[in-house]
Amino acid sequence: MTEIRPPEGFVEMGRSGPFAADNGPFYVRGRAGGGFDYGFVAEPRHENPNGIVHGGMLIAFADHFLGHAVVSATGQTCATVNLTTDYLASARTPSWIQGEAEIVSRSRSMVFLRALVSCGDTRLLSVSSVYRIFEPRG
């Protein structure tokens with residue numbers, strides 16, 4: 001099997017929790033103009049019975065990095081309220097899967113985002129999401 005490595009500048013996301021420990025690692029890279037790029041190496045363990053990256057893995061990855069984008073932008077914890085996903089294409093393993101998030105708007109308690117998940121030049125998912133942010137405990 002060909003070994004896939006994260007592109008230059010990507011580092012493992014810290015404090016990702018048990019789900020990411022079992023399904024990742026997930027990676028992050030800061031952008032010069034602000035924001036982040038995200039990624040993971042899709043391996044055979046991420047395949048569905050058809051031999052392609054499982055759609056559940058792709059949306060779990062998106063949910064994970066969207067939460068990171070919210071926490072990074074607000075400094076507050078958050079929870080997913082809604083994820084609307086369009087599956088556009090599939091990817092085979094092994095491959096590098098990359099995601100990007102954009103905050104569209106924010107209210108006092110909600111953050112609205114868009115995301116794309118790609119494999120190379122192929123867009124795999126388009127996601128719209130809403131996250132609730134929580135006031136710091138204290």
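Here is a short report on the structure shown in this document.

The rules behind the values
- Residues numbered from 1 in each chain as written.
- Predicted model: local features only at pLDDT ≥ 70, side-chain atom pairs only at ≥ 80, totals over all residues.
- Heavy atoms only, no water.
- Helix = DSSP H or I, 4+ residues; strand = E, 2+ residues; numbered from the N terminus.
- Salt bridge = Lys/Arg side-chain N within 4 Å of Asp/Glu carboxyl O.
- Buried < 20%, exposed > 50% of the residue type's maximum accessible area, 1.4 Å probe, protein only.
- Pairing = 2+ DSSP bridges.
- Contact = heavy atoms within 4.5 Å.
- Axes fitted to C-alpha atoms, helices over the stretch in contact; angles between N-to-C directions.
- Core = buried A, V, L, I, M, F, W, Y, C linked by side-chain atoms within 4.5 Å.

1. Focus on unusual backbone geometry
For step 1, the next point in the chain: Omega for the peptide link from Gly 24 to Pro 25 comes to 15 degrees, which places this bond in the cis form.
For step 2, the next point in the chain: Here Pro 25 lies in the loop between helix H1 (17–23) and strand E2 (27–30).
For step 3, the next point in the chain: A cis amide bond, omega -10 degrees, links Thr 93 with the succeeding residue Pro 94.
For step 4, the next point in the chain: The residue Pro 94 is located in the loop between strand E4 (78–87) and strand E5 (95–106) in this model.

2. Description of the pattern of salt bridges
For step 1, the next point in the chain: In total, this model carries five salt bridges according to the counting rule given.
For step 2, the next point in the chain: With its nearest N and O atoms 3.0 Å apart, the salt bridge here joins Arg 114 to Glu 102. Taken together, the residues span a long stretch of sequence, with Arg 114 in strand E6 (residues 110–119) and Glu 102 in strand E5 at a distance of 12 residues.
For step 3, the next point in the chain: Judged by relative accessible area, which is 43%, Arg 114 ranks as partly exposed.

3. Quick word on the sheet that holds strand E3 (residues 36–42)
For step 1, the next point in the chain: Spatial ordering of the open sheet is given by E1-E2-E3-E5-E6-E7-E4, a layout of seven strands whose pairing is antiparallel. At either end of the open sheet lies a strand with only one pairing partner, and these are strand E1 (11–12) and E4.
For step 2, the next point in the chain: For E1 and E2, the ladder comprises two bridges, and the chain directions are antiparallel. Across the sheet, the residue bridging to Glu 12 is Tyr 27, located in E2.
For step 3, the next point in the chain: Sitting on the sheet, helix H2 (residues 55–74) touches E2, E3, E4, E5, E6 and strand E7 (122–133), and the angle it makes with E7 is about 45 degrees.

4. Here we look at the nonpolar core
For step 1, the next point in the chain: In terms of nonpolar packing, the biggest core is built from 29 residues, with Phe 40, Phe 65, Leu 66, Ile 97 and Val 117 touching the most fellow members.
For step 2, the next point in the chain: Counting only elements with at least two residues in this core, the list comes to E3, H2, E5, E6 and E7.
For step 3, the next point in the chain: Broken down by element, the residue count for this core peaks at nine residues, all from H2.
For step 4, the next point in the chain: Residue contacts for Phe 40: discarding those within four places in its chain leaves Pro 25, Phe 26, Tyr 27, His 46, Val 53, Met 57, Leu 58, Phe 61, Ser 95, Trp 96 and Ile 97.

5. Description of the pairing of E2
For step 1, the next point in the chain: In this structure, E2 lies alongside E3, joined through four bridges in antiparallel fashion. Paired with Tyr 27 across the bridge in E3 is Gly 39.
For step 2, the next point in the chain: As consecutive antiparallel partners, E2 and E3 are separated by five residues, and within that stretch Gly 34 has a phi angle of approximately 105 degrees, a positive value.

6. Topic: the side chain of Ser 118
For step 1, the next point in the chain: Considering the arrangement of structural elements, one finds Ser 118 in strand E6.
For step 2, the next point in the chain: We classify Ser 118 as buried; its relative accessible area is 16%.
For step 3, the next point in the chain: Apart from the residues lying within four places of it in its own chain, the contact partners of Ser 118 are Trp 96, Ile 97, Gln 98, Arg 123 and Leu 124.

7. Describing the pairing of E3
For step 1, the next point in the chain: Buried residues dominate E3, accounting for six of its seven residues.
For step 2, the next point in the chain: One ladder, built from six bridges, connects E3 with E5; its direction is antiparallel. By the bridge assignment, Ala 42 is partnered in E5 with Ser 95.

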